[in-house]
Every structure is written in C-alpha cells, then in structure tokens.
Amino acid sequence: MRPKQQPLTLHFLLETKNVPLQNISKNNMNNIVAIVGRPNVGKSTLFNRLIQRREAIVDSVSGVTRDRNYGKSEWNGKEFSVIDTGGYVRGSEDVFEGEIRKQVELAIDEADVIIFVVDVEEGITPMDDAVAKLLRKVTKPVLLAVNKVDNAMREKDAVEFYNLGLGDYYTFASISGSGTGELLDALIEAFPEKPEPTKEELELPRFAVVGRPNAGKSSFINALIGKDRYIVTDIAGTTRDAIDTKFDRFGFEFNLVDTAGIRRKAKVKEDLEFYSVMRSVRAIEHSDVCILIIDATRGFEGQDQNIFWLAEKNRKGVVILVNKWDLVEKDTMSTKEYEAKIRKELMPFTDVPIIFTSALTKQRLLKALEETVKVFESRKQRIATSKFNDHMLKIIENYPPPALKGKYVKIKFCMQLPTPTPQFVFFANLPQYVKEPYKRFLENKIRENWDFSGVPIDIYIREK
C-alpha cells in the first residue's frame, strides 16, 4: 500500500532546503542595521556571522555575489537588512579618518539601528573616540559592541569602554560567535515600531527611482511631478524623513518611494561606488519596481550594475532608463548597439525593458511610466496550474534534463507558488541532478510564453 501523500500546502512546498520561505511577508518595511567602526575591529566577521543563515538563499542566484557589503539576516522571527560599512577603505592613516566619518554619516542617514564595533585588545583609540563623538549626537539607537571578549579577564578590560559615553556595551567574540545572541536580542529590542501599511499603501504600486549621483534622478522626478500642486499627499514613510510622493497624473497612480532622500542626496558629492549603491538600499527594499536611471554619456558602468544586482537580489521589478540620450552623438552609436552592450552586462538576466529618454526634453517619459506599470502588473501575474503544466510538460518531454551517471530525471508536475514574486516549483524524481543551465532553460521557456519582462523569476526543483 502506498503511503498517503501529503497535501500540497504552501508550507509543505516551501519547507525544504530547496525553496526558501522568502518574499512571503507582505510588509516590506524592513529595518536596516549598519555596522560601523575603524578598520580591523571585526566588522566584516560580525557581518558574515549575521547573514550566514541567509547567505545561501541570497547568493544562490547566479551573478549576485558581486556585492559583499549588504545582506539579509533574521533573529527570533524578525527579518532585517545589514550594511557592512567596513572592508572597503584603502589608503594611509590620514585617509582613514575621512573615510570613517563618511561611513558613520552613511549609517546615520540610512540605518534604523547602528552597531559600533570596538576591539578590547587595543582598548579605546583616538579613532574610536572620533566615531563615538559623532554617534553621541545621534537620536537613533546605537549599540556599542566590544569584540574579541572570549574570557573573564577580557570581560574586565571591556569596562573602559564606558568612557566612550555611549552607555552600556555588549561583549562578544565575532570569530567564535559567543555573545552574539545577547547583542542580537538587544538589536531586535532597539528596532523602532514600524506602522503597518494601510490598505491604500498596500494596493498602490511603489516605484523607486535609483541610480548613481548625477545620472538625472532628480530631473526625472521633477519632470514627472511637474509643480508641487500635483503632489497629492506626502506620507511619512521610514524613520529618516523618506517621503513617499503619491503620483496621480496622466491616468497613472502610484507612490514614488524615497523622493526626499534622492533630492537631499543629490547635493552630496560621493565619488565612491560603494556609497551610492548603499544609499539605494532602503529605496529598493521598499519598492515594487525600480526605475534605474543611467547616464547615456557615461554608459552602463560598475556602479549601475551593482545597483541593478541589488534590485535583482531583492526580487524587484526593474526598468532601465538611459537618460541624457539627447546629448549622445548619434553617429557613434545607435540605440540597438547601446542596448546590446547593456544586455551583455546584464547576463544572465537580460529580459529587462530598456528605454532611451531625456528628462530635460521630457522625451519618452510617459513610455517609461507605461513600461514600469507593465512590469508591476507582470510581477503580480498568476498562471493557472493546469495551463502551466500543459505548456511546460510538453517542452520538458521534448527537451528533458540531461541524464547524469546513467540516471534519467523525470519531471511530471509543476506549478507557480503563491508568493508575492514569481516563483515556480518543478517536481522531479532526482532533483539533485537538475543543474543551473537547465533551470535557466526552464526560465527562458516561461519568459517566452508569459510576459515577465523586467521581473526576476525563481525556479525550484523539488522531490516529487
């Protein structure tokens, strides 16, 4: 007698190591934690320890390991994002001073809670003092974390850190992990209460305008919004005055995320690639679709790619706008060539709308909005299981997964998961033999038949 089959519930499908319970929360107001401190105190080790449980999930997507300063973590059922402000400062001691200030300012601007890491072996250094001085003025919660405390003697040594004037401290050892539990408990306690999004907020699409400094983000938003009278309401969103601007014009209605942040930050001259990418974290996390604006005169550079992969890693819809197209010499490059160059950089996720615009002349701005709304709709679409099986199983029959060690993989059933972003599961007799290239083949076949342009897709193979 065959054992009774378990019903196909959402949790039954997802509670396997192949299918992360990711993207199921409707409330996307994640808290952001920044780790600051001078070089070599163990910031990156703490960062890696915080995100290790999610590392495999976050980075399992091909091409996403490019960005090592940002990750997601979870403790006691609370999910949060972590920014490691360390690990990228290069140069002599005097350069460090300025960089540390920049890091702390980034953390003060972007994070809900700041973890300030110091080193018990070296005690309080002048650089620690400088950081503490900046942090004492902050109204946000600051957790002072004393690293490398792995015995009773060092517990006593840690007392000197009261002199930094930041109140109580937490001792831990980032390499062995001792003490990190208490630190994380305190961290969860320190998170500000986020208001639950209203029904209207949940229903309205949220679009974020992202891109590196001077690509034309502000010009694009001003061209869209026109005069202030078109701003219907300013909903205060996150803790640092990020304002969602409600847009209601030309028959479109949506929220533009974090426009205040973009306006304010436009004044900041940030030459370092890392900063403009990290400045996009909050806007990207709180959006449904990201409008990535690139400067046509500069091309699709590393910084643009990092912001793109950040959006992709967060499973957000993406539309690329090539701004300042009116300034490009048309003899040198046609739109087709330019587009092909961008798609080459985006491999393997090339199914993304690319639109050539000019915020200055307002050329093709409505087309950009139409495309963004279309990506939003595609991201929500649901494919009926019977229709999905009819189409995909025929393809799989004609092009089955390659046999491995003389064993044949059979896929007999597939379906879309009931998650906020498109995720598909295929049930196979030998899921471990289905490799990345075949998953990509399946994804391409889905994209050929259904419009998922600009939308990242997750494919899972699970034992039937």
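Keep in mind it's a predicted model, so treat the numbers as computed, not measured.

> How would you explain the overall build of the chain if you had to name every residue and give the values?
A tally of helices and strands in the chain yields 16 helices and 16 strands. The buried share among the 464 residues of the chain stands at 54%. For the chain, the share of sequence-separated contacts (at least 6 apart) that also reach a separation of at least 24 residues comes to 74%. When the accessible surface of the chain is totalled, it reaches about 22,000 Å², and 51% of it is carbon and sulfur.

> An account of the pairing of strand β14 (residues 411–416) is needed here, citing residue identities and associated values.
On any regular strand, side chains alternate: one points to one face of the sheet, the next to the other face. Note: β14 against strand β15 (residues 423–428), five bridges, orientation antiparallel. Within β15, the residue paired with glutamine 416 across the bridge is phenylalanine 424.

> Please give an account of the sheet that holds β14 that cites residues and values.
The mixed open sheet is built from three strands, whose spatial order is β14-β15-β16. Sheet topology places β14 and β16 (458–463) at the edges, where each strand pairs with a single neighbour. For this sheet the average axis-to-axis angle between neighbouring strands, irrespective of direction, equals 20 degrees. Here helix α15 (residues 385–398) sits on the sheet in contact with β14 and β15, set at roughly 140 degrees to β14. Lying on the sheet, helix α16 (residues 436–449) is in contact with β14, β15 and β16; it crosses β16 at an angle near 120 degrees.

> Let's hear about the environment of lysine 439: which residues, and what values?
Position of lysine 439 among the secondary structure elements: in helix α16. Looking at lysine 439, the relative accessible area reads 22%, which means it is partly exposed. With 19 residues separating them along the chain, lysine 439 and aspartate 458 place their C-alpha atoms 9.2 Å apart. Ignoring anything within four residues of it in the chain, the contact list for lysine 439 reads Val434, Ile459 and Ile461.

> Can you lay out the packing of α15 against α16 for me, pointing to particular residues and giving the numbers?
Taken N-terminus to C-terminus, the directions of α15 and α16 make an angle of 135 degrees; their axes are 11 Å apart at the nearest point. Compared by their axis directions, α15 and α16 come out oblique. Where α15 crosses over α16, the handedness of that crossing is right-handed. Contacts from Phe388, His391, Met392, Ile395 and Ile396 in α15 reach Tyr438, Phe441, Leu442, Lys445, Ile446 and Asn449 in α16. In terms of residue class, the contact of α15 with α16 is made up of eight nonpolar, two polar and one charged.

> Residues and numbers for the confidence of the model for the chain, please.
Chain-level statistics for the chain give a pLDDT mean of 76 and a share of 75% at 70 or above. Between residues 1–28, whose pLDDT stays under 50, and residues either more than four places distant or in other chains, the model counts 49 contacts. Here residues 53–67 scores under 50 on pLDDT; set against residues more than four positions off or in separate chains, the count is 32 contacts.

> So, the pattern of salt bridges: which residues are in play, and what are the values?
Using the criterion set out here, one finds 17 salt bridges in the structure. Measuring nitrogen to oxygen at the nearest pair gives 3.2 Å for the salt bridge that ties arginine 298 to glutamate 301. Accessibility expressed as a relative area gives 44% for arginine 298, which makes it partly exposed. The exposure class assigned to glutamate 301 is partly exposed, which follows from its relative accessible area of 29%. The closest approach of N and O atoms between glutamate 448 and lysine 445, which form a salt bridge, is 3.3 Å. Separated by three residues within a single helix, glutamate 448 and lysine 445 lie in helix α16, roughly one turn from each other.

> Just give me the short version of the pairing of strand β3 (residues 78–84), but keep the residues and values in it.
The element β3 is extensively covered by neighbouring structure, given that five of its seven residues are classed as buried. Strand direction decides the pairing type here: strand β1 (residues 31–36) and β3, joined by five bridges, are parallel. Across the sheet, valine 33 pairs through a bridge with valine 82, a residue of β3. The pairing of strand β2 (residues 70–75) with β3 spans six bridges and is classified as antiparallel.

> I'd love a proper account of a positive patch on the surface, names of residues and values included.
On the surface, a cluster of positive charge is made up of Arg101, Lys133, Arg136 and Lys137. Within the secondary structure layout, arginine 101 lies in helix α3 (residues 93–110).

> How would you summarise helix α13 (residues 335–346) if you had to cite specific residues and measurements?
In this model, α13 (12 residues) spans 16 Å end to end at C-alpha, consistent with the 16 Å of a helix rising 1.5 Å per residue. For α13, every residue scored as buried is listed here: Tyr338, Ile342 and Leu346. Across the axial projection of α13, the buried residues extend over an arc of 80 degrees, all falling on one side. With respect to the buried face of α13, the exposed residues turned more than 90 degrees away are Lys336, Lys341 and Lys344. Here the buried face of α13 lies against β11 (289–295), α12 (302–313), β12 (317–323) and β13 (354–356).

> I'd like a rundown of unusual backbone geometry, residues and numbers included.
Each neighbour pair has its own omega, and for methionine 347 with proline 348 the value is 0 degrees, a cis peptide bond. Checked against the element boundaries, proline 348 lands in the loop between α13 and β13. Phi is positive for arginine 315, close to 55 degrees, though the residue is something other than glycine. Take arginine 315: it is sitting in the loop between α12 and β12. Non-glycine residue lysine 405 carries a positive phi angle of around 55 degrees. Mapped onto the secondary structure, lysine 405 falls in the loop between α15 and β14. Judged by its relative accessible area of 73%, lysine 405 falls in the exposed class.

Calculation notes
- Residues numbered from 1 in each chain as written.
- Predicted model: local features only at pLDDT ≥ 70, side-chain atom pairs only at ≥ 80, totals over all residues.
- Heavy atoms only, no water.
- Helix = DSSP H or I, 4+ residues; strand = E, 2+ residues; numbered from the N terminus.
- Buried < 20%, exposed > 50% of the residue type's maximum accessible area, 1.4 Å probe, protein only.
- Contact = heavy atoms within 4.5 Å.
- Areas by Shrake-Rupley, 256 points an atom, 1.4 Å probe, with all protein chains shown as cover.
- Pairing = 2+ DSSP bridges.
- Axes fitted to C-alpha atoms, helices over the stretch in contact; angles between N-to-C directions.
- Parallel < 35°, antiparallel > 145°, perpendicular 65-115°, else oblique.
- Left-handed = near helix turned anticlockwise from the far one by under 90°.
- Nonpolar A, V, L, I, M, F, W, Y, C, P; charged D, E, K, R; others polar.
- pLDDT = per-residue confidence, 0-100.
- Salt bridge = Lys/Arg side-chain N within 4 Å of Asp/Glu carboxyl O.
- Patch = residues over 30% accessible without salt bridge, like charges linked within 9 Å, V, L, I, M, F, W, Y side chains within 5 Å.
- Lys, Arg positive; Asp, Glu negative; His and termini not counted.
- Charge placed at Lys NZ, Arg CZ, Asp CG, Glu CD.
- Expected span 1.5 Å × (residues − 1).
- Arc of directions from axis to C-beta.

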